[in-house]
Structure formats: structure tokens, C-alpha cells
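Residue-level structure breakdown
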Amino acid sequence: LGMTAGVAGNVVNNGVIQGLVSGSRFDFDGTTPQTYSGTGTFGTVAAPFIGTGVGIATPSTVTLSNPIITTRVNLFIGTFINSNQFTLGNGGASSVYIQIGGGGGPAGSFDVAPSFNIGTGGITENYYTATTPTSSGYEIPLSRIINSLVINNSPGVILTGGPLSTAAMTMTTGNVTTTSTNLLTVTGTATGSIAYSAGYINGPLERTLPASLVSGSTYNFPVGKGSYNPFELVNPTTNAGGTVVVRSEAFDANCNGTSGLNMGPLNTNRYWATSITSGNAN
């Protein structure tokens, strides 16, 4: 394939479905349940289906009975059944991209975990436009470590399944709900490891500072509760002993503190709880 192919009915593949160029795309886009079966191949380990990927774009389901090997899946809308038929990536230097949402309704999903064969290029999870909040699911690998997290869903994203670490995050629109159990950690040590445009983290967020950090930078924690109320580390410094992980969370509540000498009255409607969770000696 060198173009988009959309299939509205069942697919019986007794030959070869292959996408070898950047424009390749294959979507299941019927309006009723569909199936994929046959004795043929749909991408191989040596030549996975590349391009803009394999997608589900039906408000119903697609049941898979034959393997699909690809580097990108688009979960526009609907559910893949037997999602363990997917192998994502082919090791080596390969990268994997998963888009969740973008089909004009609730975001699509896997029913079980696919097989991840992610290479050194890592994996990007893009939570895209949906009509309802999207809860993370089987698109997250068991390692709970990804390369890039993109938030572009106005109703927001709810992190579930445990802690998640990402080297970089882009916040375009929509909030991310986290908890101490479902904690989001940005492991990239550059100030720009979080690219912020809109939205906020409703819950705790951790950021990683590099070793030997000199004064002159600002690390933004885009947190909030009812609205965006960020916490910023201005001119933080670290020694050569190693990295430092800092957690921050905003609360729309009374911290119940007491004003000190020569201080005005404290606000009673907001506070930030911030602490070092790793590398305190640094």
C-alpha cells in the first residue's frame, strides 16, 4: 500500500497486505462488527506495516484471528478484539506510535495487551480528540515506560494501571488526572521536556533534574485542580552526585498554616505540596 485503504466489511487475507512507504494506511471503518482472518501475512518482522498505520474507525468491534505486525496503530473509535494478534515494532532501532482517539466519538481501545517489540526509537502515546475523557489502557506497555506522551484531548485523560514514566510530554489541550498510585513522572532532564500550551495535571507530577545543574533555568510543573495553577522551580541547582526527582501537586484547599512574623495573612483557598522524592543528597 502507498495510500489509505478503508475496508467496511470482513477481511479474509490469503495473500499479503504490506505497507512499505510513508503514505501507507489501512483502516477498518465499517459500521457493524468486522473480522480479520485468513492464512496470509499483514506485515512481517522483517518488513512491518509502516506509514500512518493500521486503524480501527468503527463504532463497533474488529475481531482479529490472524497476526498483524506494524509500527503504528490508530485507535480512532471502536475496540479491537483479540488485540494480542498485534505485534507493535520489530526491535532494533524501530519506534512505535499509538494514537488514541480522533474518530468523532469515544476513543478506541485494545481489549487485551498487544505484543510490544519496541526498539531503541521508543514509543509515543498520543491521546487525541475524543468526545469523552479517555482512560489509559492496554496501549501502555507493561514496563510503564514510554518515550513521549502527547495530550491533545479536550475532555482529558485519566491515567490508570499504575505509575507511568515518559521522557517527554506535550500538553496541547486537556487535563491529565493522576494519583499517588497512578503517578506521572517526566524523566527527561531538560526544561523543555514538558512542552506546554494548555491544560494541567490534576494530581501529582514528578520531574527529573539533571546532575551538575547550574543556576539559570526554570522548571515548570503544569499542575492545577479547578484551573491551571503551576508550580515553578526557579534557578534550581544540583551537585555532581546524580539526578534529583521533584514531585508537586496543587490543591484548592486551606493549607491551615499560620502567618509568620511580618507576613500578611495566608490564602485559604490554595496551596502546593512539593517534595524531593529521589536524590535528596544531590
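The structure reproduced in this document is the subject of the present report.

About the cut-offs
- Residues take numbers from 1 onward in each chain, read along the sequence in its written order.
- Restriction of local features to residues with pLDDT of at least 70 applies here, the model being predicted, together with a cutoff of 80 or more for giving and counting side-chain atom pairs; totals for whole chains, interfaces and linings are based on all residues.
- Hydrogens are left out, water is left out, and the side-chain values use all remaining heavy atoms of the structure.
- For two strands to be treated as a pair, DSSP must find no fewer than two bridges joining them.
- Helix and strand definitions follow DSSP, with helices as H or I runs of at least four residues and strands as E runs of at least two, each counted in order from the N terminus.
- A side-chain nitrogen of Lys or Arg and a carboxyl oxygen of Asp or Glu constitute a salt bridge if their distance falls within 4 Å.
- Exposed residues in this analysis have more than 50% of their type's maximum accessible area, buried residues have under 20%, and partly exposed residues fall in between, with area computed by a 1.4 Å probe over protein chains only.

The strands making up a sheet associate through hydrogen bonds between their backbones, and the pairing can be parallel or antiparallel. What the four strands build is an open sheet, ordered β15-β17-β19-β22; its pairing is parallel. At either end of the open sheet lies a strand with only one pairing partner, and these are β15 (134–135) and β22 (201–202). Alignment of strand β19 (residues 176–177) against β22, held across two bridges, turns out to be parallel. When the sheet's bridge partners are listed, Val176 is paired in β22 with Ile201.

What follows covers the pairing of strand β4 (residues 25–28). Here strand β1 (residues 4–7) pairs with β4 via four bridges, running parallel. Residue pairing in the sheet places Thr4 in a bridge with Arg25 of β4. Sheet topology places β4 next to strand β7 (residues 53–64); four bridges connect them, and they run parallel. Residue pairing across strands places Arg25 opposite Gly53, the latter belonging to β7.

For the rest of this paragraph, the subject is the pattern of salt bridges. Tallied over the full model, the rule gives four salt bridges. The closest approach of N and O atoms between Asp27 and Arg25, which form a salt bridge, is 2.7 Å. Of the residues examined, Asp27 reaches a relative accessible area of 5% and is grouped as buried. For Asp252, the salt bridge is made with Arg270, and the minimal N-O distance between the two is 3.3 Å. Of this pair, Asp252 sits in the loop between β26 (244–251) and β27 (271–278) while Arg270 is found in the loop between β26 and β27, placing the two residues 18 residues apart along the sequence. Judged by its relative accessible area of 23%, Arg270 is partly exposed.

Worth remembering: the numbers are spatial, not functional.
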